[in-house]
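For reference, the chains in residue letters:
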Amino acid sequence: MKANLLGIMTHRADRPGRYLRHARAAVAAGFSGVVLFAPDGVRMARKRIVGSVYTPGSGWTKTLCAYPDVAVDIGYYTRRETVLQSIRVKHATPIRFTGFASGNKWTIQQHLLASAELEPHLLPTVPMKSAADAFAFARTHGSIMIKPINGKGGKGIVRLGSTERGWSMQAGSREPVSGSEAAVRNALRRTLGKGGYLLQRWIDIRNPDGRVFDIRSLVQKDGSGQWVTTGTAVREGARHSITSNICGGGSAHETKAYLLQLFEPEKVDELMEQICRLSTHIPAHLEADYGKRFVEFGLDFAVDRSGALWLLEANIKPGKSVIRRVYGEEAAKRCFMLPYQFARYLAVSAK
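The present account deals with the structure reproduced in this document. These numbers were taken from a predicted model, which means no experiment stands behind them.

Quick notes on the rules
- Along every chain, residues carry numbers that run from 1 in the direction the sequence is written.
- Restriction of local features to residues with pLDDT of at least 70 applies here, the model being predicted, together with a cutoff of 80 or more for giving and counting side-chain atom pairs; totals for whole chains, interfaces and linings are based on all residues.
- Hydrogens are left out, water is left out, and the side-chain values use all remaining heavy atoms of the structure.
- The helix count covers DSSP runs of H or I at least four residues long, the strand count covers runs of E at least two residues long, and both are numbered beginning at the N terminus.
- The span you would expect from a helix comes to 1.5 Å times its residue count less one.
- Under the scheme applied here, a residue whose accessible area is under 20% of the maximum for its type counts as buried, over 50% as exposed, and between as partly exposed, the area being computed with a 1.4 Å probe on protein chains only.
- Here, two residues are considered to be in contact whenever any of their heavy atoms come within 4.5 Å of each other.
- Taking the helix axis as origin, the arc is that swept by the directions to the C-beta atoms.
- Axis definition: a line fitted to C-alpha atoms, limited for helices to the stretch in contact. Angles are taken between N-to-C directions and run from 0 to 180 degrees.
- For classification purposes, an angle smaller than 35 degrees is called roughly parallel, one larger than 145 roughly antiparallel, one from 65 to 115 roughly perpendicular, and anything else oblique.
- Polarity classes work like this: nonpolar for Ala, Val, Leu, Ile, Met, Phe, Trp, Tyr, Cys and Pro, charged for Asp, Glu, Lys and Arg, and polar for all others, with Gly in that last group.
- Whenever Lys or Arg places a side-chain nitrogen within 4 Å of a carboxyl oxygen from Asp or Glu, that contact is recorded as a salt bridge.
- In this scheme, strands are said to pair when DSSP sees at least two bridges between them.

A word on helix H7 (residues 265-290). Residues that lie three or four places apart on an α-helix share one face, since the helix turns once every 3.6 residues. End to end, H7 covers 37 Å across 26 residues, agreeing with the expected 38 Å (1.5 Å per residue, within 8%). Among all positions in H7, only Val268, Leu271, Gln274, Ile275, Leu278, Ser279, Ile282, Pro283, His285, Leu286, Glu287 and Tyr290 are buried. The secondary structure elements touched by the buried residues of H7 are helix H3 (105-113), strand S14 (213-221), strand S15 (227-236), helix H6 (255-259), strand S17 (296-303) and strand S18 (309-315).

Here is the structure:
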């Protein structure tokens, strides 16, 4: 009889002890254990996986085993070769993954723009081919954000804008660099790393204390395959930071209470309704437009000082620490468990 194992594909399969919590979540969801593997551990010609199997009471055992019926992908792949390997595994094996890749931020933006309901909430965004493109875009929009096309966690984001004396550029929470276009352009080239970037119109999403904030809406599939919004929370950035990144010294807050400090109650009710409606619309729209299955999204909304709501990003592998900070351990545990409960739903429905 075939073992009832859940596959877990990740970037650090050589250290299975790091994934004990994931393995226990899979067992709690109804699997007999897990097989942990990296994309390069899949032997397609032999239809086997080199990985580590966990079963309760036996711990981890490195082995060569058959494909699992269902798998989750929790890896963060930075090398192009590994990214391509993960895509091949998902499309060239019979393993049913709970979710598929969404592409880079520019690809996601194109799919979001396919929704007439979302278009009014999306900022002008274009790919960046050169530093000259950034300055041209900033001349049109006044101030812009330069974002890594494959970035995450707010890393690598730069703000560029014109000033009375020329130009100013700021990366993260560093001191701004100001001067002539030539001087700032040279600083920009030194700051930007390899890889592609997007240019996006800057909006003022600072609170009265000057701190940047946004709203994370976590939307996940549950154990019956339905999309549910499991929580929203405000992420407030550190002082002088251009992003709301909590890891960089930011803080987390309950959404409605935070917004009530900034807007009238009627406006807050309107914003909460919009966030709820769009959080329901976006996952279904993206699944239909991609023609792919997804398991969860971290939707990042922003409210500018006029009270307009904007969708900044849709992330398929969202961090959940903000939920723990605002709602506590039980809520965080539920969010962590849902992808494994959905995986179990897929496994049962496939039989």
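With 13 residues, helix H2 (residues 80-92) ought to run about 18 Å at 1.5 Å a step, and its terminal C-alpha atoms sit 18 Å apart, in line with that. Turning to H2, its buried residues number three or more, namely Thr82, Gln85, Ser86, Val89 and Lys90. One face of H2 carries all of its buried residues, which in axial projection span an arc of 130 degrees. Turned more than 90 degrees off the buried face of H2, the exposed positions are Arg80, His91 and Ala92. Summarising the contacts, the buried residues of H2 are in contact with strand S1 (5-9), strand S3 (42-43), strand S6 (70-73) and strand S7 (96-97).

One can describe the packing of H3 onto H7 by two numbers: an axis separation of 9 Å at closest approach and a directional angle of 105 degrees. As the angle between them shows, H3 and H7 are arranged roughly perpendicular. Side by side, H3 and H7 meet where Thr107, Ile108, His111 and Leu112 of the first sit next to Ile282, His285, Leu286, Asp289 and Tyr290 of the second. Split into classes, the residues belonging to the contact of H3 with H7 amount to five nonpolar, three polar and one charged.

Time to look at the pattern of salt bridges. Working definition: two side chains of opposite charge can pair if their charged atoms are close together. Applying the stated rule across the entire model yields 20 salt bridges. Of the charged contacts, one joins Glu273 and Arg277 as a salt bridge, the two residues approaching to 3.5 Å between their closest N and O atoms. Taken together, the residues span about one helical turn, with Glu273 and Arg277 both in helix H7 at a distance of four residues. You can call Glu273 partly exposed: its relative accessible area is 43%.

Take the pairing of strand S13 (residues 197-201) next. Where burial is concerned, most of S13 is hidden: four out of the five residues are buried. Here strand S8 (residues 125-128) pairs with S13 via four bridges, running antiparallel. Across the sheet, residue Thr125 finds its bridge partner in S13, namely Gln200. Relative to S13, strand S9 (residues 143-148) is paired through five bridges, and the arrangement is antiparallel. Residue Ile144 lies in a different strand from S13, and its bridge partner there is Arg201.

Next up on the list: the pairing of strand S4 (residues 48-55). As judged from the three bridges shared by strand S2 (residues 33-37) and S4, these two strands associate in the antiparallel manner. When the bridges of S4 are listed, Val34 appears paired with Tyr54. Pairing of S3 with S4 involves two bridges; the strand directions are antiparallel. Within the sheet, the bridge partner assigned to Val42 lies in S4 and is Ile49.

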